[in-house]
Each structure stands twice: as structure tokens, then as C-alpha cells.
Amino acid sequence: SLPAKLINGGIAGLIGVTCVFPIDLAKTRLQNQQNGQRMYTSLSDCLIKTIRSEGYFGMYRGAAVNLTLVTPEKAIKLAANDFFRHHLSKDGKKLTLLREMLAGCGAGTCQVIVTTPMEMLKIQLQDAGRIAAQKKLMAAQAQISSPAAAAAEPAVERRPTATQITRELLRSKGIAGLYKGLGATLLRDVPFSIVYFPLFANLNKLGQKDPNVKAPFYVSFLSGCVAGSTAAVAVNPCDVIKTRLQSLQRGVNEDTYSGILDCTKKIWQREGPTAFFKGAYCRALVIAPLFGIAQVVYFVGIAEFLLELLPKHRA
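Here goes a summary of the coordinates provided. This is a predicted model, so every value here is computed, not measured.

### What about the overall build of the protein chain?
Moving on, step 1. Helix and strand counts for the protein chain come out as 12 helices and 0 strands.
Moving on, step 2. When the helices and strands of the protein chain are placed in sequence order, the string is α-α-α-α-α-α-α-α-α-α-α-α.
Moving on, step 3. Within the protein chain, buried positions represent 47% of all 315 residues.
Moving on, step 4. Partitioning the contacts of the protein chain with sequence separation of at least 6, the portion at a separation of at least 24 is 80%.
Moving on, step 5. Surface summary for the protein chain: the accessible area is close to 15500 Å², and the carbon and sulfur share equals 66%.

Structure representation (C-alpha cells):
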């Protein structure tokens, strides 16, 4: 039933986000840093420096926003895909690849209602630590080059909360402020769903011994991991553009962008084509377990999943 699927989708999202959020934070920071202003060299370097400067819980900055909104986001995405697949196969025939892709396209379009504001707020909170660390480094370098500056009292900068950012955006730009980067989000999420859902469905079918019996939970998990990481890497250039466009604050001497084309052009000219794959392996590491867990809980069902893990209780 739809309510059960929504609950399963929500639980799946909560479990997945909790497990992989630190990697997602590293992905955002790696994607946002520009040439000449690099604070981190890799995923591990980013996490180590984050823990040193912001503590363990610094890796979970922005997690509250994600945990709050991931339930409706995942529920809408998974339920919408089911809805479109059902209506595209009313004749009882097996869905063609084109129809599977259309169902995925519909699911990706529906999810941006929740995804865009969630990503907007999450990115500001995740990247605040990188910008603060960069300013601190610049101030330290300035003090070395100019001893007179060493006597100056450093300004203590308070990092904004999700509530403060939301209020400011609503006050200055209205509801449209929360949907900054909507086009780029669509550009990422629609192709992602077009690739992900058909690939998952076909991989999952390979593990079904009987078409009328669900695949084992480990098959759904592995199918979700493979399909998720493949789709994530495929659309990573769109994710880099979306992350840059949705960042309200910039580091010292970092570019600003007026839109998708301007962002694409500047990244290509100033950072080279490889910049579009910044954080790709982080994104794959985030999406693989996130969607693996999501599909197990959603596709198999939380009750069935627990029974699979505890077979002795089946009797």
C-alpha cells in the first residue's frame, strides 16, 4: 500500500543519511573549493581536518536538515517511481526500457519539490566550515607578512543555523529564495533517476528465482549500490554545477556564477574538464550504500528485512 511504501521510504532515507553524511559533507567541500584556494586534497584529508578544527560533530553539520527532509524526499522519489511504473504498464505487459526511463524521469521531477530547499540549506551549513578555515588561514598568512596585523583582534564569526538562513531567504527573496538552483537540481536529479531506476529494476530481476517472489534482501542491496553509484558518477558534472550555484557564500577570490551556462563556462575555462568530476568518488560512496539501504527497506519492506536478518524468528 502507498502509506506502507511512504513509511518504508522514509525509514530507508533516515538510516542511509545517518550512515553516509560525513562523506557527503566532504563531497560538498571538495566540489566547492576552486583552484588556488584548495583546503583539502582528498576525502580522508577533508574528514581529518574537519574533525581537528570542528570536532567529531562537525562532520554532521547540516545533517538535521537532511534528516528532517529526507523522509518526504525519499518517499516521494520511490513512491512516484512506483506510481509511474504502474500507470505505464496498465496493459499488463512488461515495461520497455523507454517506459522505465520515463517513470524514472517522472520520479526525479517530483522529488525536486523537497530536494531543492533541502540541498540549499544543507550546502550552506556543510560549506561554512571550509570558508571559516580558509579565512583563518588567510588571516594567519597576513599576520606573518604584516606584524602590525598580528595585534588586531580577530573577528569571531558565528555560523548561521538552518532556521536563520531560511528566514533570511524568505525575507529577502520569498519562497523563490529556497529554490535557488532549481534548474541545476532538475538537471542532476532527472537524469539520475532515468539511469538509476531502470538499472536497479533490471539488476534486481536477475536475483529473482520466480517473477512473483521478491528478490532476497542482499540482491536488492547490491542492485541499489551498483545502480546508485553508476548513476551518481554519470551525473556528477551536474552535481558540481548545482553545488556551486546553490552556495550563497564564497571563499576568498572564488568565482561567482549567474546561471548554469556561466557556471559551466567558468569551470571549464579556469579549472579544466576534470573539475566536473570533483567529489565523484565521494558521491559514489554516499549514493551506493544510501540507495542500497533505501531499496532494501523500501523494496523488501522493513518487516521482511528484519525477518531476513533474524530467520530464527520466522516460526
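Moving on from the model shown.
### A look at the nonpolar core
Moving on, step 1. Counting 20 residues, the largest nonpolar core has Val17, Phe192, Tyr196, Phe197, Ile287, Leu290 and Phe291 as its most contacted members.
Moving on, step 2. For this core, the elements supplying multiple residues, two or more each, are helix 1 (2-32), helix 3 (63-88), helix 7 (182-206), helix 8 (217-234) and helix 11 (280-300).
Moving on, step 3. Residues contacting Ile287, with those up to four places away along its chain left out, are Phe192, Gly228, Ser229, Ala232 and Gly292.

### Brief notes about a nonpolar patch on the surface
Moving on, step 1. On the surface, Tyr218, Phe221 and Leu222 cluster together into a nonpolar patch covering about 300 Å² of accessible area.
Moving on, step 2. Judged by its relative accessible area of 30%, Phe221 is partly exposed.

### Comments concerning empty space enclosed by the protein
By rolling a water-sized probe across the atoms, one finds the places where empty space is left.
Moving on, step 1. Evaluated as defined, the whole model comprises 1 cavity of 30 Å³ or more.
Moving on, step 2. Space inside the largest cavity adds up to approximately 290 Å³.
Moving on, step 3. Surrounding the largest cavity, 24 residues form its lining, Lys74, Glu119, Arg283, Ile287 and Leu290 being those nearest its centre.
Moving on, step 4. Contributing elements (two or more residues each) for the lining of the largest cavity: helix 1, helix 3, helix 4 (97-145), helix 7 and helix 11.
Moving on, step 5. Tallied by class, residues from the lining of the largest cavity come to 10 nonpolar, 3 polar and 11 charged.

### A look at the pattern of salt bridges
Moving on, step 1. In total, this model carries 18 salt bridges according to the counting rule given.
Moving on, step 2. Salt-bridge contacts for Glu119 lead to Lys122; the nearest nitrogen and oxygen are separated by 3.5 Å. Residue Glu119 and its partner Lys122 are located together in helix 4, separated by 3 residues, close to a single helical turn. Each member of the pair Glu119 and Lys122 is classed as buried.

### Quick word on the packing of helix 7 against helix 9 (residues 236-246)
Moving on, step 1. At their nearest, the axes of helix 7 and helix 9 sit 9 Å apart, and the two run at 160 degrees to each other. Taken together, helix 7 and helix 9 sit at an angle that is classed as roughly antiparallel. Helix-helix and strand crossings are classified by hand; for helix 7 and helix 9 the assignment is left-handed. In contact with Ala184, Thr185, Leu187 and Arg188 of helix 7, helix 9 contributes Cys238, Asp239, Lys242, Leu245 and Gln246.

Parameters at a glance
- Residues numbered from 1 in each chain as written.
- Predicted model: local features only at pLDDT ≥ 70, side-chain atom pairs only at ≥ 80, totals over all residues.
- Heavy atoms only, no water.
- Helix = DSSP H or I, 4+ residues; strand = E, 2+ residues; numbered from the N terminus.
- Buried < 20%, exposed > 50% of the residue type's maximum accessible area, 1.4 Å probe, protein only.
- Contact = heavy atoms within 4.5 Å.
- Areas by Shrake-Rupley, 256 points an atom, 1.4 Å probe, with all protein chains shown as cover.
- Core = buried A, V, L, I, M, F, W, Y, C linked by side-chain atoms within 4.5 Å.
- Patch = residues over 30% accessible without salt bridge, like charges linked within 9 Å, V, L, I, M, F, W, Y side chains within 5 Å.
- Salt bridge = Lys/Arg side-chain N within 4 Å of Asp/Glu carboxyl O.
- 1 Å grid on protein atoms, 1.4 Å probe; cavity = no way out; pocket = protein on both sides within 12 Å on 5 of 7 lines; lining within 4 Å.
- Points joined across faces, edges and corners; volume = space filled by probe spheres on them.
- Nonpolar A, V, L, I, M, F, W, Y, C, P; charged D, E, K, R; others polar.
- Axes fitted to C-alpha atoms, helices over the stretch in contact; angles between N-to-C directions.
- Parallel < 35°, antiparallel > 145°, perpendicular 65-115°, else oblique.
- Left-handed = near helix turned anticlockwise from the far one by under 90°.

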